[in-house]
Amino acid sequence: MILYTQEDFEVETKRLTGNKGVDVVYDGVGKTTFDKDLNVLRPRGYLVLFGGSSGAVPPVDPIKLLQKGSLFITRPTLVNYIATREELEHRAHDVLGWIASGKLKLRIEHKYKLADAQQAQRDIEGRKTTGKLILVT
């Protein structure tokens, strides 16, 4: 794991891969890491944007993707993967089955009393949390 706030992940990724790059980057940060994300991908690599905690990524000229090795960028959202009742049931069955079998472990990082919901929100905004948070009565 490379903590982008503590070291230059582009330099470290290139070092670790012998300058070949990685197949996929999963990015929940967005604006702050976007350019370096593209720089660490191997040719035909995928950048999967799933969040934007530092802000929206800038507009991208498709020619830039060609120049960096025919890269792919996607911004998936759950609604497109559960568009029908059948898809929802299929995916829910998979996920719940993995949880039941122990293949997928849920990590609940913090529990907050419902009365402390404002503090939970402040902790999320202040990036003081990882994993899932739950509110309990």
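Just so you know, these numbers come straight off a predicted model, no measurement behind them. (Residues numbered from 1 in each chain as written. Predicted model: local features only at pLDDT ≥ 70, side-chain atom pairs only at ≥ 80, totals over all residues. Heavy atoms only, no water.)

Caption draft 1: How the structure looks around the overall build of the chain. If you tally the helices and strands in the chain, you get five helices and five strands. Moving toward the C terminus, one meets the helices and strands of the chain in the order α-β-α-β-α-β-α-β-α-β. Since a compact globule built from 137 residues should have a radius of gyration of about 14 Å, the 18 Å found for the chain marks it as more spread out than a globular shape. Residues counted as buried form 19% of the 137 residues belonging to the chain. A separation of at least 24 residues holds for 45% of the contacts in the chain among residues at least 6 apart in sequence. Accessible area of the chain: about 10300 Å², with a carbon and sulfur share of 56%. (Helix = DSSP H or I, 4+ residues; strand = E, 2+ residues; numbered from the N terminus. Rg over C-alpha atoms; globule rule 2.2 N^0.38 Å. Buried < 20%, exposed > 50% of the residue type's maximum accessible area, 1.4 Å probe, protein only. Contact = heavy atoms within 4.5 Å. Areas by Shrake-Rupley, 256 points an atom, 1.4 Å probe, with all protein chains shown as cover.)

Caption draft 2: Main features of the layout of surface pockets. A volume near 740 Å³ is recorded for the largest pocket. For the largest pocket, the lining is made up of 24 residues, of which Ile2, Tyr4, Tyr26, Asp27 and Val29 are closest to its centre. Those elements that provide at least two residues to the lining of the largest pocket are helix H1 (9-16) and strand S1 (22-27). Among the elements that take part in the lining of the largest pocket, S1 stands out by supplying five residues, more than any other. Within the lining of the largest pocket, the residues separate by chemical class into 13 nonpolar, eight polar and three charged. (1 Å grid on protein atoms, 1.4 Å probe; cavity = no way out; pocket = protein on both sides within 12 Å on 5 of 7 lines; lining within 4 Å. Points joined across faces, edges and corners; volume = space filled by probe spheres on them. Nonpolar A, V, L, I, M, F, W, Y, C, P; charged D, E, K, R; others polar.)

Caption draft 3: The arrangement of a nonpolar patch on the surface in detail. Together, Val95, Leu96, Trp98, Ile99, Leu104 and Leu106 make up an exposed nonpolar region whose accessible area comes to about 550 Å². Structurally, Ile99 is set in helix H4 (residues 85-101). (Patch = residues over 30% accessible without salt bridge, like charges linked within 9 Å, V, L, I, M, F, W, Y side chains within 5 Å. Salt bridge = Lys/Arg side-chain N within 4 Å of Asp/Glu carboxyl O.)

Caption draft 4: Expanded view of H4. Its 17 residues give H4 an end-to-end C-alpha distance of 24 Å, which sits within 8% of 24 Å, the value for a rise of 1.5 Å per residue. Of the residues trailing H4, Gly102 is marked for its positive phi of about 85°. (Expected span 1.5 Å × (residues − 1).)

Caption draft 5: Region of interest: the pairing of strand S2 (residues 41-49). Note that S1 and S2 share five bridges and pair parallel. The residue of S2 that forms the bridge with Val22 is Leu41. Handedness of the crossover is the feature at issue here: the chain leaves S1, passes through helix H2 (residues 34-39), returns alongside S2, and the resulting connection is right-handed. With three bridges joining them, S2 and strand S3 (residues 72-74) adopt parallel strand pairing. Looking across to S3, one finds that Leu47 is bridged to Ile73. (Pairing = 2+ DSSP bridges. Right-handed = clockwise from strand over helix to strand, strands pointing away.)

Caption draft 6: Molecular detail of the nonpolar core. Counting residues in hydrophobic clusters, the biggest one holds ten residues: Phe9, Val25, Phe34, Leu38, Val40, Leu41, Leu47, Leu49, Leu65 and Leu71. Mapped by element, the contributors of at least two residues to this core are H2 and S2. The element contributing the most residues to this core is S2, with three residues. When sequence neighbours within four positions are dropped, the list of residues in contact with Phe34 reads Asp27, Leu47, Leu49, Val57, Pro58, Val60 and Ile73. (Core = buried A, V, L, I, M, F, W, Y, C linked by side-chain atoms within 4.5 Å.)

Caption draft 7: Representation of H1 in the model. Burial in H1 covers these residues: Phe9, Glu10, Glu12 and Thr13. On an axial view of H1, the arc spanned by its buried residues comes to 165°, and they lie on one face. In H1, the exposed residues that point more than 90 degrees away from the buried face are Val11 and Arg15. As for H1, its buried residues are in contact with S1 and H2. Taking the backbone nitrogen of Glu10 as reference, a side-chain oxygen 3.0 Å away marks Asp8 as the first, capping residue of H1. Immediately downstream of H1, the backbone of Gly18 shows phi near 60°, a positive value. (Arc of directions from axis to C-beta. Polar contact = N/O pair within 3.5 Å; in protein donor to acceptor, adjacent residues only side chain to side chain.)

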